[in-house]
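# Structural overview
The chain contents come next:
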Amino acid sequence: MLQRITEHDIDRTRVSEKAVDVIDKLRRAGFDAYLVGGCVRDLLLGKVPKDFDVATAATPEDVRKVFPRVRLVGRRFRIVHVRVGREIIEVSTFRRAVTDGDDHMPHLSDDGMIIRDNLYGTIDQDAFRRDFTVNALYYDPSTDVVLDYCEGMKDIAARTLRLIGEPETRFQEDPVRILRAIRFAAKLDLELHPDTEAAIAPMCEMLNAIPPARLFDEFTKLFLTGHGERAFELLSEHDLVEILFPLPPHGEATAKLALASTDQRLKENKPVTPGFLIAAFLWQEYLDRLELTATAAPRREDDPASTVIAAQQSTIAIPRRHGWFVRDVWHLQPLLARRTARDVARALAHRRFRAAYDFLMIRCATGDAPQELGDWWTNAQTENTEALLRELPSGRPRRRRRRRGRNRPNRSSADLNAANGGPRLPREVAQP
Ligand code: ATP
Ligand code: MG
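These lines cover the structure that appears in this document, whether it is placed above or below. Bear in mind that the values here come from a model prediction, so they are computed numbers and not experimental data.

### A look at the side chain of Arg 327
Locating Arg 327 in the fold gives a position in helix H17 (residues 320–338). At 4.5 Å, Asp 303 is the nearest oppositely charged side chain to Arg 327, a buried residue that forms no salt bridge.

Take a look at the structure:
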């Protein structure tokens, strides 16, 4: 079953010398060790790996004895981070699948999900407990040999992503593998094997059982690593969008434009943030909620932004600071629409102005805000601000407005209505 491959496309100069050092040291201490997983897969596909993982026969305690600078991480899955210079190499001990043997019951939940995953094993057991065949290849940098236990090389050549073992069982053990399948297909431009693909629909409901914090991690990997738009398309093809975003399914255009912009920024090495994407994904729901709140008697605690973000939290945990980012981007939209000297000055001085402006541009592209407004803001940033502000109406609020503005969250619904050219909330008076 094991194939030792000596002819392959790995460019040895792309292999981290630090990782090779770690492997050498483990070997000298008497422990077998290889590069494994994503880095081997990426090297074989001609890509530059983003990090290097090592699999070894040494236990975490053994590894700690070999290296002075280590950190033990992970509870569900214990691994060791070895620091070499500025690089961190992840070292994990060969494990076997919890279902490999007959004492596995305490490691599985009632619905068949893996809850503990720390049974050490041999290298071939380690290969079979991995998710996809292309992720189960081992590379020995000293001999330049690839070890293939699961026919991963065949799938690399055919550019196929195939689960190891029985697909439904493998998705059941860990439903996050469904999202990993989508992510690898998008990122590496691989085709899902038909059997793997066929198991998605029957198992995808199980994603509901995944803790929201883990789904947030997976969310950032899906959408903030340069292939977000493609990942979204694939999720959508497999009816998975509504599992991640259980709010009513609309606003796809806004989401896709935000993802395209994020992918582009990553290409240009510009910073990106989950908040921007979350603002886009939930925007339509926020607008709907504003409309509802505007017709009911407004109460402070009904801030529609908070309601929408809170509803999403039960599926994907949104860390607090990103929640604030989303609120800021949303709340700035009406301010951008008003164009009085006072509001323009406030908007320009806001720390989230740039994100709010980028978001406005996306709304212009979907027809949700007038293009003229977007163009105005594009020009405003190239002009002399002092002169610009002098030309605008002052926008000093009448007393009645100010009181509303201070206390009532639904103030923004009225303003937002102006931003939209009025169709959503016809009762409101246009600004200014
Ligand atoms: P990336 O380029 O995103 O880092 P990766 O394949 O290295 O891709 P990791 O999440 O870093 O992904 O995992 C490293 C390896 O561990 C994988 O290649 C796979 O072999 C194994 N692995 C990770 N997550 C799972 C899982 N949920 N089920 C089974 N094996 C997994
Ligand atoms: Mg990795």
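Structure shown, so let's carry the discussion forward.
### Details of the site of ligand 1
With respect to spatial proximity, 16 residues lie near ligand 1, and among them Lys 50, Asp 174, Arg 177, Arg 183 and Lys 187 are the closest. Residue Arg 177 places a side-chain N or O atom 2.8 Å away from a nitrogen atom belonging to ligand 1. About the coverage of ligand 1: the protein hides 83% of its 590 Å² of free accessible area. A molecule is said to occupy a pocket when more than half its atoms come within 2 Å of that pocket's grid points, and by this definition ligand 1 occupies the largest pocket. Listing elements by their share of the shell around ligand 1, those giving two or more residues are helix H2 (38–44) and helix H7 (176–188). No other element matches the 5 residues that H7 contributes to the shell around ligand 1.

### Topic: the pairing of strand E8 (residues 145–148)
Burial along E8 is two-sided: Val 145 and Leu 147 facing one way and Val 146 and Asp 148 facing the other are all buried. Bridge count between strand E1 (residues 3–5) and E8: 3 bridges; the pairing is antiparallel. Looking at E8, one finds that Arg 4 is bridged to Leu 147. Examined bridge by bridge, strand E7 (residues 137–140) and E8 share 4 bridges and lie antiparallel to one another.

### Remarks on the packing of helix H19 (residues 353–366) against helix H20 (residues 371–382)
Between H19 and H20, the shortest axis-to-axis distance is 8 Å and the interhelical angle comes to 145°. The chirality of how H19 crosses H20 is left-handed. In this structure, H19 uses Phe 353, Arg 354, Tyr 357, Leu 360, Met 361, Cys 364 and Ala 365 to contact H20, whose residues at the interface are Gln 371, Leu 373, Gly 374, Trp 377, Thr 378 and Gln 381.

### Quick word on the layout of surface pockets
There is about 1,500 Å³ of room inside the largest pocket. If you go around the largest pocket, you meet 49 residues; those closest to its centre are Phe 77, Glu 90, Arg 180, Arg 214 and Lys 221. Here the lining of the largest pocket gets 6 residues from one element, more than from any other, and that element is H7. The class makeup of the residues in the lining of the largest pocket is 19 nonpolar, 8 polar and 22 charged.

### Let's talk about the packing of H7 against helix H11 (residues 228–237)
Taken N-terminus to C-terminus, the directions of H7 and H11 make an angle of 130°; their axes are 9 Å apart at the nearest point. As judged from the angle between their axes, H7 and H11 are oblique. Read as a crossing pair, H7 and H11 show a hand that is right-handed. Contacts from Leu 179, Ile 182, Ala 185 and Ala 186 in H7 reach Arg 230, Ala 231, Leu 234 and Leu 235 in H11. Its residues placed into classes, the contact of H7 with H11 shows 7 nonpolar, no polar and 1 charged.

### What about the pattern of salt bridges?
If you walk through the whole model with that rule in mind, you get 26 salt bridges. The partner of Arg 64 in a salt bridge is Glu 61, with the nearest N and O atoms 3.5 Å apart. One end of the pair is Arg 64 and the other is Glu 61, both in helix H3 (residues 60–66) and 3 residues apart, which spans about a single turn. Note that Asp 126 and Arg 130 form a salt bridge whose closest N and O atoms lie 2.9 Å from each other. Here the salt bridges do not stand alone but share partners, grouping Arg 338, Arg 342, Asp 343 and Arg 346 into one network.

### Details of the nonpolar core
If you look at the biggest cluster of nonpolar residues, it comprises 96 residues, and the most contacted ones within it are Leu 35, Phe 223, Phe 281 and Trp 330. Element by element, the count of residues in this core is highest for H7, at 9 residues. Once residues lying within four places of it in the same chain are set aside, the contact partners of Phe 281 are Phe 219, Phe 223, Phe 232, Phe 245, Ala 255 and Leu 259. Leu 332, Leu 336, Ala 341 and Phe 353 belong to the second largest nonpolar core, which has 20 residues in total.

### Things to note about the environment of Leu 360
Checked against the element boundaries, Leu 360 lands in helix H19. The sequence separation of Leu 360 and Gln 333 amounts to 27 residues, and the corresponding C-alpha distance is 7.0 Å.

Conventions and cut-offs
Residues numbered from 1 in each chain as written. Chains lettered and ligands numbered in written order. Predicted model: local features only at pLDDT ≥ 70, side-chain atom pairs only at ≥ 80, totals over all residues. Heavy atoms only, no water. Helix = DSSP H or I, 4+ residues; strand = E, 2+ residues; numbered from the N terminus. Buried < 20%, exposed > 50% of the residue type's maximum accessible area, 1.4 Å probe, protein only. Lys, Arg positive; Asp, Glu negative; His and termini not counted. Salt bridge = Lys/Arg side-chain N within 4 Å of Asp/Glu carboxyl O. Near = heavy atom within 4 Å. Polar contact = N/O pair within 3.5 Å; in protein donor to acceptor, adjacent residues only side chain to side chain. Areas by Shrake-Rupley, 256 points an atom, 1.4 Å probe, with all protein chains shown as cover. 1 Å grid on protein atoms, 1.4 Å probe; cavity = no way out; pocket = protein on both sides within 12 Å on 5 of 7 lines; lining within 4 Å. Sits in = over half its atoms within 2 Å of the grid points. Pairing = 2+ DSSP bridges. Axes fitted to C-alpha atoms, helices over the stretch in contact; angles between N-to-C directions. Left-handed = near helix turned anticlockwise from the far one by under 90°. Contact = heavy atoms within 4.5 Å. Points joined across faces, edges and corners; volume = space filled by probe spheres on them. Nonpolar A, V, L, I, M, F, W, Y, C, P; charged D, E, K, R; others polar. Parallel < 35°, antiparallel > 145°, perpendicular 65-115°, else oblique. Core = buried A, V, L, I, M, F, W, Y, C linked by side-chain atoms within 4.5 Å.

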